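Chain by chain, the residues run as shown.
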Amino acid sequence: MAKTSTERMQAKKEREEAARRAAEDSTYPYLKETFSEFLKHEGNYSSVEIALGLAGIEAPLIEDEMGPENFALEDVIAGVDDPFPGAKGAIGRAEIMIDCFIDAAMELANVVQNYKRQEIEARLAELENSEKADRATAMKEAVKLTKILDQLDKQVRRSFPQWKVTGI
């Protein structure tokens, strides 16, 4: 069956996005100081260590120019031709870490949201089936629970500084 115009456009966007992700960062030819050397005098990396430490995660040490392929777990990248397209050295490792942290945060947010929705919906069902609660109190609680579900349906947006430049 022939693809619709929308399907063709979506496929084109996906191809362009894949090509953009695979491209080497346009800043690489202009980077003289290595990223690992830069981190030796950059004080802001301690903020990364603190943020991850609060989550119980030890921040990765970036002391040399080994790229992301040297640190990825073997069973995760097994069978993948180029798991880190365009990423080179310590700066490429940092860029991959950013992408992975964002992906992990999005997935964890989905898991937490699913859990909370399930629990709130269960409380709503209990209210509907409860014969003990007085009607006025049950209605107030149902309104509150519905508002919570509405909030859980919303998306959260966070702004990040641009860290990867491709296609220029």
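Report follows, based on the coordinates. Since the structure is predicted, the reported quantities are computational estimates derived from the model, not experimental observations. (Residues numbered from 1 in each chain as written. Predicted model: local features only at pLDDT ≥ 70, side-chain atom pairs only at ≥ 80, totals over all residues. Heavy atoms only, no water.)

**A word on the pattern of salt bridges**
If you walk through the whole model with that rule in mind, you get 5 salt bridges. Across the pair R117 and D153 runs a salt bridge, and its minimum N-O distance is 2.8 Å. Note that R117 is positioned in helix 5 (residues 89-129) and D153 in the segment after helix 6 (135-152), a separation of 36 residues in sequence. The exposure class of D153 is partly exposed, given its relative accessible area of 46%. Of the charged contacts, one joins R123 and E126 as a salt bridge, the two residues approaching to 3.0 Å between their closest N and O atoms. You can see R123 and its partner E126 sitting in helix 5, 3 residues apart, about one turn around the helix. Residue R123 is classed as partly exposed on the basis of its relative accessible area of 32%. Within this structure, R117, E121 and D153 form a network of salt bridges that share partners. (Salt bridge = Lys/Arg side-chain N within 4 Å of Asp/Glu carboxyl O. Helix = DSSP H or I, 4+ residues; strand = E, 2+ residues; numbered from the N terminus. Buried < 20%, exposed > 50% of the residue type's maximum accessible area, 1.4 Å probe, protein only.)

**Comments concerning the packing of helix 5 against helix 6**
The interhelical angle for the contact between helix 5 and helix 6, taken along N-to-C directions, is 160°, at an axis separation of 10 Å. As far as their axial angle goes, helix 6 and helix 5 are roughly antiparallel. Here helix 5 runs over helix 6; the crossing is left-handed. Of helix 6, the residues touching helix 5 (which contributes Q113, K116, R117, I120, E121, R123, L124 and L127) are A138, E141, A142, L145, T146, I148, L149 and L152. Looking at side-chain class alone, the contact of helix 5 with helix 6 contains 9 nonpolar, 2 polar and 5 charged residues. (Axes fitted to C-alpha atoms, helices over the stretch in contact; angles between N-to-C directions. Parallel < 35°, antiparallel > 145°, perpendicular 65-115°, else oblique. Left-handed = near helix turned anticlockwise from the far one by under 90°. Contact = heavy atoms within 4.5 Å. Nonpolar A, V, L, I, M, F, W, Y, C, P; charged D, E, K, R; others polar.)

**A word on the layout of surface pockets**
As a volume, the largest pocket reaches approximately 2,000 Å³. Lining the largest pocket are 50 residues, and of these I98, F101, I102, F160 and W163 lie nearest its centre. A per-element tally of the lining of the largest pocket places helix 5 first, with 15 residues. Classifying every residue of the lining of the largest pocket gives 29 nonpolar, 10 polar and 11 charged. (1 Å grid on protein atoms, 1.4 Å probe; cavity = no way out; pocket = protein on both sides within 12 Å on 5 of 7 lines; lining within 4 Å. Points joined across faces, edges and corners; volume = space filled by probe spheres on them.)

**Remarks on the environment of F35**
Note that F35 resides in helix 2 (residues 35-41). Distance in space between the C-alpha atoms of F35 and I62 is 8.3 Å, their sequence separation being 27 residues. When residues no more than four places from it in sequence are discounted, the contact partners of F35 are I62, E65, A90, I91 and A94.

**Points about the nonpolar core**
Residues F35, L39, Y45, L52, A59, I62, A90, A94 and M97 constitute the largest nonpolar core, which totals 9 residues. Elements with a contribution of two residues or more to this core: helix 2, helix 3 (45-54) and helix 5. At 3 residues, the largest contribution of residues to this core is made by helix 5. Residue contacts for A94: discarding those within four places in its chain leaves F35 and I62. Residues I120, L124, L145 and L149 belong to the second largest nonpolar core, which totals 5 residues. (Core = buried A, V, L, I, M, F, W, Y, C linked by side-chain atoms within 4.5 Å.)

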